[in-house]
Amino acid sequence: MVTSLVCGQKTLSLTTPQIMGVLNVTPDSFSDGGQLYSDATINADRLLVRAESMVAAGASILDIGGESTRPGATPVSTQEELDRVMGAVELIAPRLDVVLSIDTSNPDVMTATASAGAGLLNDVRAFRREGALAAAAESGLPVGLMHMSEEPDRMQSHTDYADVVEDVSVFLSNRIDACIEMGIQRDQIVIDPGFGFGKTAAQNYEMLRRLAEFAAFELPILVGVSRKSMIGAVTGRPAEERVVPSAVLAVIAAQNGASMVRVHDVAETADALAVWAATSGALESTSQGIE
Ligand code: 7PM
């Protein structure tokens, strides 16, 4: 079992589920509605305030993304993605005690951010782009491997799995092998079933129900279900009204073995995980024991 990750200068303990706060630096982000932007330029003060509040609320990781994975989004140039992401890393890394995860598929962005203080590389394409695996290995940082069968514009028409957990596991197994072949240490790999990426709502719920099967890899599991359409499918609520069910799903993910949850609403998730941890008995072994 992997109980910690070496994230550059920082070590991330995984003995309790860690909260990864989503910090989008794309102008079309659905979570911040472009609030961090004025005239399509990122506002450094607002970005830092947002980052600080997520850390204060309990995020130990911030996931910084400069390329939209939204289906139909126009691909961003390397320069544009670098400008967005490097600005955020250079702003936050020296100021906050938090691991910065970089949500990118671009090898140049991986290399540049790793030198600037990034602590984890999170690639929704699982380092399948030319040069990405080599850049990740060279960085020495932990890697997040997410399952996505097709590019975002085609993924929702490819949801025909024989067994979604089995098929995703085969994919992850192949990517783990590719990482190890490139020289990445096995205990620096995080796996992610890729909720919402080329799966129907029923398949997403099946993956969450059967999440413990992914524990067979004996690697940390990252789950990103926050505000996703699988919640809209059963509640009928728009994204901004999915906070409570997102926190509930974070608890279910933790219960089923997730080591990290990627969320938009850090404070609410932290509260939900705190009562889950107390129920699980985690407080008995700590100084915060309750009477
Ligand atoms: C449009 C489509 C907007 C998808 C936003 C999204 C994950 C991730 C994302 C995840 C990992 C969102 C997603 N989701 N990285 N990046 N795991 N590792 O809903 O589930 O945030 S973007």
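The present account deals with the structure reproduced in this document. (Residues numbered from 1 in each chain as written. Predicted model: local features only at pLDDT ≥ 70, side-chain atom pairs only at ≥ 80, totals over all residues. Heavy atoms only, no water.)

1. A short note on the site of the ligand
Move 1: In the vicinity of the ligand lie 14 residues, with Asp-103, Asn-122, Asp-192, Lys-228 and Arg-262 positioned nearest.
Move 2: In this structure, an oxygen atom belonging to the ligand sits 2.8 Å away from a side-chain N or O atom of Arg-262.
Move 3: Look at the ligand: alone it shows 480 Å² of surface, and the protein chains cover 89% of it.
Move 4: Its residues assigned to classes, the shell around the ligand comprises five nonpolar, four polar and five charged. (Near = heavy atom within 4 Å. Polar contact = N/O pair within 3.5 Å; in protein donor to acceptor, adjacent residues only side chain to side chain. Areas by Shrake-Rupley, 256 points an atom, 1.4 Å probe, with all protein chains shown as cover. Nonpolar A, V, L, I, M, F, W, Y, C, P; charged D, E, K, R; others polar.)

2. Thoughts on the nonpolar core
Move 1: Counting 82 residues, the largest nonpolar core has Ile-64, Ile-92 and Met-260 as the members making the most contacts within it.
Move 2: Tallying contributions element by element places helix 6 (residues 164-181) first for this core, with eight residues.
Move 3: Once you skip the residues sitting within four places of it in the chain, Ile-64 turns out to touch Leu-23, Val-25, Val-85, Ala-88, Val-89, Ile-92, Leu-100, Ser-101, Ile-102 and Asp-103.
Move 4: Counting five residues, the second-largest nonpolar core is a separate cluster that includes Val-124, Met-146, Met-148 and Phe-197. (Core = buried A, V, L, I, M, F, W, Y, C linked by side-chain atoms within 4.5 Å. Buried < 20%, exposed > 50% of the residue type's maximum accessible area, 1.4 Å probe, protein only. Helix = DSSP H or I, 4+ residues; strand = E, 2+ residues; numbered from the N terminus. Contact = heavy atoms within 4.5 Å.)

3. Structural notes on the environment of Ala-272
Move 1: Following the sequence through the fold, Ala-272 ends up in helix 10 (residues 266-280).
Move 2: According to the relative accessible area criterion, Ala-272 is buried, its value standing at 15%.
Move 3: Counting along the chain gives 28 residues from Ala-272 to Val-244, while the straight-line C-alpha distance between them is 9.2 Å.
Move 4: With near-sequence residues (within four places) excluded, Ala-272 lies in contact with Ala-247 and Val-251.

4. Some thoughts on the environment of Ala-215
Move 1: Looking at where Ala-215 falls in the secondary structure, it is placed in the loop between helix 7 (201-209) and strand 11 (222-223).
Move 2: For the pair Ala-215 and Thr-279, spaced 64 residues apart in the sequence, the C-alpha separation amounts to 22 Å.

5. Some thoughts on a nonpolar patch on the surface
Move 1: On the surface, Val-244, Val-248 and Ile-252 cluster together into a nonpolar patch covering about 250 Å² of accessible area.
Move 2: In this fold, Ile-252 is placed in helix 9 (residues 243-255).
Move 3: Residue Ile-252 is classed as partly exposed on the basis of its relative accessible area, which comes to 35%. (Patch = residues over 30% accessible without salt bridge, like charges linked within 9 Å, V, L, I, M, F, W, Y side chains within 5 Å. Salt bridge = Lys/Arg side-chain N within 4 Å of Asp/Glu carboxyl O.)

6. Considerations on the pattern of salt bridges
Move 1: For the structure shown, the criterion picks out 11 salt bridges.
Move 2: Across the pair Arg-262 and Asp-63 runs a salt bridge, and its minimum N-O distance is 2.9 Å. Separated by 199 residues along the polypeptide, Arg-262 in strand 12 (residues 260-263) and Asp-63 in strand 6 (residues 59-65) bring together distant segments of the chain.
Move 3: Take Arg-262: its relative accessible area is 16%, and that puts it in the buried class.
Move 4: The partner of Glu-67 in a salt bridge is Arg-125, with the nearest N and O atoms 3.4 Å apart. Of the two residues, Glu-67 sits in the loop between strand 6 and helix 2 (78-92) while Arg-125 sits in the loop between strand 8 (120-123) and helix 4 (132-139), which places them 58 residues apart along the sequence. Across the pair, Arg-125 and Glu-67 agree in class, each one buried.
Move 5: What you see here is one network of salt bridges that share partners, running through Asp-163, Glu-206, Arg-210 and Glu-213.

7. Examining empty space enclosed by the protein
Move 1: Under the definition given, this model contains two cavities of 30 Å³ or more.
Move 2: Each pocket or cavity is described by its volume, and for the largest cavity that value is around 40 Å³.
Move 3: Every element with two or more residues in the lining of the largest cavity is listed here: helix 9 and strand 12.
Move 4: Counting residues per element, the lining of the largest cavity draws most heavily on strand 12, which supplies three residues.
Move 5: Its residues assigned to classes, the lining of the largest cavity shows five nonpolar, three polar and one charged.
Move 6: Size it by volume and the second largest cavity reaches roughly 30 Å³.
Move 7: What lines the second largest cavity is simply Glu-67, Thr-69, Asp-103, Thr-104, Ser-105, Asn-122, Asp-123, Val-124 and Arg-125. (1 Å grid on protein atoms, 1.4 Å probe; cavity = no way out; pocket = protein on both sides within 12 Å on 5 of 7 lines; lining within 4 Å. Points joined across faces, edges and corners; volume = space filled by probe spheres on them.)

8. Re the packing of helix 9 against helix 10
Move 1: Between helix 9 and helix 10, whose axes approach to 9 Å, the crossing angle comes to 40°. Remark: the crossing between helix 9 and helix 10 carries right-handed chirality. Two secondary-structure elements touch here, helix 9 through Val-243, Ala-247, Ala-250, Val-251, Ala-254 and Gln-255 and helix 10 through Glu-268, Thr-269, Ala-272, Leu-273, Trp-276 and Ser-280.
Move 2: Residue classes in the contact of helix 9 with helix 10 are distributed as eight nonpolar, three polar and one charged. (Axes fitted to C-alpha atoms, helices over the stretch in contact; angles between N-to-C directions. Left-handed = near helix turned anticlockwise from the far one by under 90°.)

9. Describing the pairing of strand 1 (residues 4-7)
Move 1: Residues Leu-5 and Cys-7 line the buried face of strand 1, whereas the alternating positions Ser-4 and Val-6 sit on a face that is not buried.
Move 2: Direction of pairing for strand 1 relative to strand 2 (residues 10-13): antiparallel, over a ladder of four bridges. In the sheet register, Val-6 faces strand 2, and the bridge partner there is Thr-11. (Pairing = 2+ DSSP bridges.)

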